[in-house]
Amino acid sequence: MSAVSLIQAVRDRFPAAVTASHSFRGDATVIVARAALLEVMRSLKEDAVFQMNVLMDLTAVDFSAFGKKPSRAFFSSSGVAVRPSSGIPTLDPWPGPPADARFAVVYHFFSLPLKHRLRVEVLLQEDDPEVDSVTPLWAGADWLEREVWDMFGIRFRGHPNLKRILMYDEFVGHPLRKDYPVDKRQPLIGPVN
Amino acid sequence: MNTREMLLNVGPAHPAMHGIIRIVTTLDGERIVDIDVEIGYLHRGFEKMAETVDYNGVMPYTDRLNYVSPLINNMGYCMAVEKLLGMSVPDRCHYIRVIMSEISRISDHLTCVGASAMELGAFTVFLYMIKAREYLWDLVEMVTGARLTVTYCRVGGVKGDLPAGFDEACANAFKETRLVIKESDTLLTRNRIFVDRMSGTGKISAEDAISHGITGPFLRGCGVAYDVRKDCPYAVYDRLEFDVPVGTRGDNLDRYMVRMEEMEQSMRIVEQALREIPDGPVLASPDTAKPMPAAEMVDRAKVGNIRSIADSVAVTDPTLDGASKPLHLHIAGDEKRVFLPPKEDTYGNIEGLMQHFKLVMYGHGIQPPAGEVYFPVEGANGELGFYIVSDGSSSAYRVRVRPPCFAIMSALPKLLIGDMIADLTPTFGSVNMIGGELDR
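Definitions and limits used
Residues numbered from 1 in each chain as written. Chains lettered and ligands numbered in written order. Predicted model: local features only at pLDDT ≥ 70, side-chain atom pairs only at ≥ 80, totals over all residues. Heavy atoms only, no water. Helix = DSSP H or I, 4+ residues; strand = E, 2+ residues; numbered from the N terminus. Rg over C-alpha atoms; globule rule 2.2 N^0.38 Å. Contact = heavy atoms within 4.5 Å. Areas by Shrake-Rupley, 256 points an atom, 1.4 Å probe, with all protein chains shown as cover. Lys, Arg positive; Asp, Glu negative; His and termini not counted. Charge placed at Lys NZ, Arg CZ, Asp CG, Glu CD. Domains from an automatic or database assignment. Expected span 1.5 Å × (residues − 1). Buried < 20%, exposed > 50% of the residue type's maximum accessible area, 1.4 Å probe, protein only. Salt bridge = Lys/Arg side-chain N within 4 Å of Asp/Glu carboxyl O. Polar contact = N/O pair within 3.5 Å; in protein donor to acceptor, adjacent residues only side chain to side chain. Nonpolar A, V, L, I, M, F, W, Y, C, P; charged D, E, K, R; others polar.

Details of the overall build of chain B
At step 1: Tallying secondary structure elements over chain B gives 19 helices and ten strands in all.
At step 2: In summary, chain B has a C-alpha radius of gyration of 24 Å against a globular reference of 22 Å for 440 residues, a match within 12%.
At step 3: In chain B, the share of contacts with a sequence separation of at least 24, taken over all contacts with a separation of at least 6, comes to 67%.
At step 4: In the form shown here, chain B has an accessible surface area of approximately 16300 Å², with 55% of it arising from carbon and sulfur atoms.
At step 5: Side-chain charges in chain B split into 45 positive and 59 negative, and the spacing between the mean points of these groups amounts to 1 Å.

Here it is in structure tokens:
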């Protein structure tokens, strides 16, 4: 199924739950309301139209610093203009980062029988970073959700064993958040503060 | 009799661990009743680092993701950025990338099978396979100038063309590799010890494997013929003929068989690709163009004598050999905002100099439009995906790697519980755990 018709099929099936969709560079993407996530996921896995039986990847993006990168170098302040590239094709433009959410949890699906890919995103607020766990549907989500918890501090409701996976238990903070200070000193490392 | 369970740590530094990982096993006698896997000992911060350097600057980090087949990681990252940019590269570049990544795949499989065999006592096979890997790494060295950290791909192309005489070198290396595979096959495939320890251990059903998101030889060992090269073809794989070997039982022996057959298929792909690789329109041989030291070139350019250096090849550093102008033009995308000019142009004219500076100066670089893309390639272990979010600046906003061995490691409890402690060794060997990819 092509990206456009796949998006249309998901939208038709869940007119209320899918809040937005786009197909930038041919990647079918739907943004799903948090409350309806499990229902949508179950249907994606089980419906004959979708059959998304492989959860390829589960990750998150912290959009809090999007477009706010500090001027990077003295070159940019020395009068040498940093020109944006022109001539890049703008078919199916990307709608941009979410306006009122900090995190996006991103699921990449692949269907082995039908050979199509779909990206599902759930947007989360800064003060309530919690989403339903999909471990009952895909066993592989177990570690991936633990990693997202470890790196971004997003909790997964109903996860059987939500603890850190890459960092050690005493680690403070979540290193892939954009506001995590990279020179922060952690317990158990180096001389005591 | 009073019996109790015993807790045994395998790793983080253990002779049978390919890298540092800790497996906490709970044993009832010799039977594994529970298992807890701890990763994270090698956390290198790839994803964080990739946010801080420009797009081409990530390339050396991708080498270190998988140190046995870095060219596949190079290629995957490059193609993800190219997708983000919406650009295409010439066919010749695709063919070169395919050839190099298949050579990497063979060397990866050789390492994996050889190391697993060694852990089961077949040290000869390990030595043979490392010998064969040497021949392949010589090829890699011939093309890229390095053996391990190759950094060969660039966004929009590759560093340099295949050198003269690559075909013969490749044919020789494959002859030796085939010999080694045949010898190892004789030594292992009907070896009583090897077969007894591999068959029936580390079993996983196709449904469980799919549910865990396992891909690659591991999934094919369960009988599911999923291969990114066939199912979502990229580069020029849809023009090349090859088979996807599958197993039936999903145990360690099947994965061994699948890997052995895949090496043969990879060689078939390389041989085909070398036959079909299109010549660039000119591709002047570096031997016929006149070489000139870079310093002399700069001097002549300073006095405006551009015409005298127009057809010359810059002789810079031995490690830059291969990046000269005739070798460069037809393997890089035709977009100046992406690929670095040949050194002759950098030294010889102001446009080349500006193009070079605009790409390498801090704060400039390649600036793709804002957006998000996911691009999968078939790594040696399974689907290797790069998910890149760009905010339109010269470095990626977020880079995420989907490493194939992460999914397999998450299924390790399923593979091991119920088996004997001695079965941990062949099972973990067939996982082909790559620390750099696992921890990122």
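So, the domain arrangement of chain B
At step 1: Along its sequence, chain B is carved into domain 1 (46–280 + 368–420) and domain 2 (290–360).
At step 2: For domain 1 of chain B and domain 2 of chain B, the distance between their C-alpha centres works out to 33 Å.

Some points on helix 6 (residues 166–188) of chain B
Residues and elements named next belong to chain B.
At step 1: Helix length check: helix 6 (23 residues) gives 32 Å between terminal C-alpha atoms against 33 Å at 1.5 Å per residue, within 8%.
At step 2: Among the residues of helix 6, F166, C170, A173, F174, T177, V180, I181, S184 and L188 are the ones counted as buried.
At step 3: In this structure, the buried side of helix 6 is in contact with helix 4 (91–119), helix 5 (123–144), helix 7 (192–198) and helix 11 (252–276).

Overview of the interface of chain A and chain B
At step 1: Facing the 62 residues of chain A at the interface are 57 residues of chain B.
At step 2: Summed over the shared surface of chain A and chain B, the number is eight salt bridges.
At step 3: In this structure, the salt-bridge partner of E372 of chain B is R119 of chain A, at a minimum N-O distance of 3.5 Å.
At step 4: The interface formed by chain A and chain B contains 23 residue pairs in polar contact (both at pLDDT 80 or more).
At step 5: Elements with a minimum of two residues in the side of chain A that touches chain B: strand 3 (54–62), strand 4 (103–110), strand 5 (117–124) and helix 4 (141–152) of chain A.
At step 6: Broken down by element, the residue count for the side of chain A that touches chain B peaks at nine residues, all from strand 3 of chain A.
At step 7: For the side of chain A that touches chain B, the residue count by class is 36 nonpolar, eleven polar and 15 charged.

Digging into the environment of V49 of chain A
Residue and element names in this part refer to chain A.
At step 1: Locating V49 in the fold gives a position in the loop between helix 2 (37–46) and strand 3.
At step 2: Sequence separation between V49 and Y168 is 119 residues; the distance between their C-alpha atoms is 42 Å.
At step 3: For V49, the residues in contact, after removing those within four places along its chain, are M1, L114 and H116.

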